[in-house]
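These are the residues of each chain, in order.
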Amino acid sequence: MSLSVGRKETHQPTPPTASHNGNGVAVLPMTHRLRLNPNTEHKPESYEGLQLEFSPLLFSSLERYLPPPMLSLPRDSKLRYMRDIILRYSPEGERTRVQRHREYRQKIISHYQPLHRELYAMHASNFFVPSFLKAINENKVESFRSIMAEPTLGVFTFEMLQPRFCEMWLSEVENFEKWVQETKFRIMRPNTMNKFGAVLDDFGLETMLDKLMEDFIRPISKVFFSDVGGSTLDSHHGFVVEYGIDRDVELGFHVDDSEVTLNVCLGKQFSGGELFFRGVRCDKHVNTETQSDEILDYSHVPGRAVLHRGRHRHGARATTSGHRVNLLLWCRRNY
Ligand SMILES: O=C(O)CCC(=O)C(=O)O
Ligand SMILES: [Fe+2]
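Not measured: the values here are computed from a predicted model. (Residues numbered from 1 in each chain as written. Chains lettered and ligands numbered in written order. Predicted model: local features only at pLDDT ≥ 70, side-chain atom pairs only at ≥ 80, totals over all residues. Heavy atoms only, no water.)

J.: Please give an account of the UniProt feature "domain: Fe2OG dioxygenase" (unreviewed entry) in the protein that cites residues and values.
T.: Here the UniProt feature "domain: Fe2OG dioxygenase" (unreviewed entry) sits at residues 234-333. Structurally, residues 234-333 comprises 0% helix and 60% strand, and the distance from its first C-alpha atom to its last is 5 Å. (UniProt positions renumbered as here; feature names shortened; annotations may be inferred. Helix = DSSP H or I, 4+ residues; strand = E, 2+ residues; numbered from the N terminus.)

Written as structure tokens, this is what we have:
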């Protein structure tokens, strides 16, 4: 398994570091990724003689850090990808990016017609199962524990969403995709590893998801993830991912660009698609071996949530039939 790039890509360009073992765990960011360790066997293209705003040598060196599937792409595609990454880290590039993103969101919100307006405001009693609501209202360790399983240290699973609400989500997501196809609108996917799925914050759900994080995820994280700032989570990246043989099939081994990740299965019928967890690691030790008690393979169930630290290494196996759709909320603490 190999992947990677710097965590919190928008704030902190993390240079790839030398590898001691050739394998790598990806840090799954929102956008363009690089490997954590260079592919030293790869012979990069020459970028000499092109009209570039950066040194051709920079591109040749960076090419060794491209995700493996990209290496066989035409030089132009690799160039574009690397240029985007470099530009993100120039102050001017960042300002333009923020402005463009604002306009992009505005365009979606003014043209997209939601199917279920109900999803866009937080109505807790419609959304959640009673056991979850009760635990949140009681706001005690014992109450949280009473609704949760912890199949490996630091991975909590519990029933969360009402089936009717999951159905609504599924049809809203279908509606997103239909709209994207009909209008040929080029949406940004949740991260570079997913070709399907949508960023919910871009579709007008930012306020609702903020509330979900603040009122429901933060109280739990305060208790179980205080070491990573669980009580002060202050921003999020919310998205849906879709798997199936005609969608994204699997998701490689990675850590998330988050302090705490909520992953709720919305449905539908599917086989395969198990999540696998392999222990928490800091940046420096992200590629170290897994201990036997860190191994967890977990089959997701519609309506159920999995809550874990972003640094808990994980991935998703191939969804071999049907469709698996999940709602993800990467919760962060920036300050
Ligand atoms: O496929 C899944 O359920 C896991 C998704 C995931 O880990 C992610 O998007 O960060
Ligand atoms: Fe993840």
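Having seen it, we continue.
J.: Explain the nonpolar core residue by residue, including any values.
T.: Judged by nonpolar contacts, the single largest core of 57 residues is most densely connected at Phe128, Phe132, Phe158, Met160, Trp169, Leu212 and Leu262. Broken down by element, the residue count for this core peaks at nine residues, all from helix α7 (residues 163-183). Membership of the second largest hydrophobic core comes to 14 residues, among which are Met193, Leu251, Tyr298 and Trp330. (Core = buried A, V, L, I, M, F, W, Y, C linked by side-chain atoms within 4.5 Å. Buried < 20%, exposed > 50% of the residue type's maximum accessible area, 1.4 Å probe, protein only.)

J.: Please set out the packing of helix α5 (residues 130-138) against helix α8 (residues 206-224) residue by residue, giving values where relevant.
T.: α8 packs onto α5 with a crossing angle of 65° between their chain directions and a minimal axis gap of 10 Å. Accordingly, the angle class assigned to the pair α5 and α8 is roughly perpendicular. Once α5 is placed against α8, the crossing between them reads as left-handed. Every residue of α8 that contacts α5 at Phe132, Leu133 and Ile136 is listed here: Asp215, Phe216 and Ile220. (Axes fitted to C-alpha atoms, helices over the stretch in contact; angles between N-to-C directions. Parallel < 35°, antiparallel > 145°, perpendicular 65-115°, else oblique. Left-handed = near helix turned anticlockwise from the far one by under 90°. Contact = heavy atoms within 4.5 Å.)

J.: Residues and numbers for the packing of helix α1 (residues 56-63) against helix α2 (residues 75-88), please.
T.: Where α1 contacts α2, the axes come no closer than 10 Å and their chain directions differ by 100°. In terms of their interaxial angle, α1 and α2 are classed as roughly perpendicular. In this structure, α1 uses Leu58, Phe59, Leu62 and Glu63 to contact α2, whose residues at the interface are Lys78, Leu79, Met82, Arg83 and Ile86. For the contact of α1 with α2, a count of residues per class yields six nonpolar, no polar and three charged. (Nonpolar A, V, L, I, M, F, W, Y, C, P; charged D, E, K, R; others polar.)

J.: Which residues make up the packing of aromatic side chains, and what values do they have?
T.: Considering all chains together, one arrives at 21 aromatic pairs under this definition. Summarising the aromatic geometry, the rings of phenylalanine 127 and phenylalanine 128 are spaced 6.0 Å apart at their centres and angled 65° between planes, so their arrangement reads as edge-to-face. Side by side, phenylalanine 127 and phenylalanine 128 carry an identical accessibility label, which is buried. With a centroid separation of 4.6 Å and 45° between ring planes, the pair formed by phenylalanine 128 and phenylalanine 216 is classed as tilted. Taken together, the residues phenylalanine 128 in the loop between α4 (124-127) and α5 and phenylalanine 216 in helix α8 connect sequence positions 88 residues apart. Classification of phenylalanine 128 as buried rests on a relative accessible area of 1%. Three or more aromatic residues joined by ring pairs make a cluster, and in this case those are Phe127, Phe128, Phe132, Phe158, Phe165, Trp169 and Phe216. The ring of tyrosine 243 is capped by arginine 324, whose NZ or CZ atom sits 4.2 Å from the centre of that ring. (Phe/Tyr/Trp six-rings, centres within 6.5 Å; stacked < 30°, edge-to-face > 60°. Lys NZ or Arg CZ within 6 Å of the ring centre and 35° of its normal.)

J.: Give me α2: which residues, what numbers.
T.: Here α2 spans 20 Å end to end across 14 residues, near enough to the 20 Å set by a 1.5 Å rise per residue. Taken residue by residue, α2 has Lys78, Leu79, Tyr81, Met82, Ile85, Ile86 and Arg88 as its buried positions. Looking at the packing, one finds that the buried side of α2 touches α1 and α3 (91-111). (Expected span 1.5 Å × (residues − 1).)

J.: An account of the coordination of the iron ion (ligand 2) is needed here, citing residue identities and associated values.
T.: Donor atoms from the polypeptide that coordinate the iron ion (ligand 2) comprise His254 (NE2), Asp256 (OD) and His314 (NE2), at 2.1 Å from the metal. Between the donor residues of the iron ion (ligand 2), the gaps in sequence give the motif H-x1-D-x57-H. In this pair, the class of histidine 254 matches that of aspartate 256, namely buried. (Donors = N, O, S within 2.8 Å, 3.2 Å for Na, K, Ca; no water.)

J.: Describe the environment of leucine 233, naming the residues involved and giving the relevant values.
T.: Summarising the element assignment, leucine 233 is placed in the loop between α8 and β5 (235-243). C-alpha separation for the pair leucine 233 and proline 219, spaced 14 residues apart in sequence, amounts to 9.8 Å. Not counting the four nearest positions on each side in its chain, leucine 233 is found in contact with Met213, Arg218, Ser221, Glu259, Val260, Cys331, Arg332 and Arg333.

J.: I'd like to hear about the sheet that holds strand β3 (residues 155-159), residue by residue, with values.
T.: Ordered in space as β2-β3-β11-β7-β14-β5-β4, the seven strands form an open sheet in which the pairing is antiparallel. Strand pairing shows two members of the sheet lacking a second neighbour, β2 (148-152) and β4 (198-199), which therefore form its edges. Here β2 runs beside β3; their pairing, made up of three bridges, is antiparallel. By the bridge assignment for β3, threonine 152 is matched with valine 155. Together, β4, β5, β7 (260-267) and β14 (324-332) form the strand contacts of α7, whose direction differs from that of β7 by roughly 90°. Taken strand by strand, α8 contacts β2, β3, β5, β7, β11 (304-309) and β14, and its axis lies near 100° from that of β5. (Pairing = 2+ DSSP bridges.)

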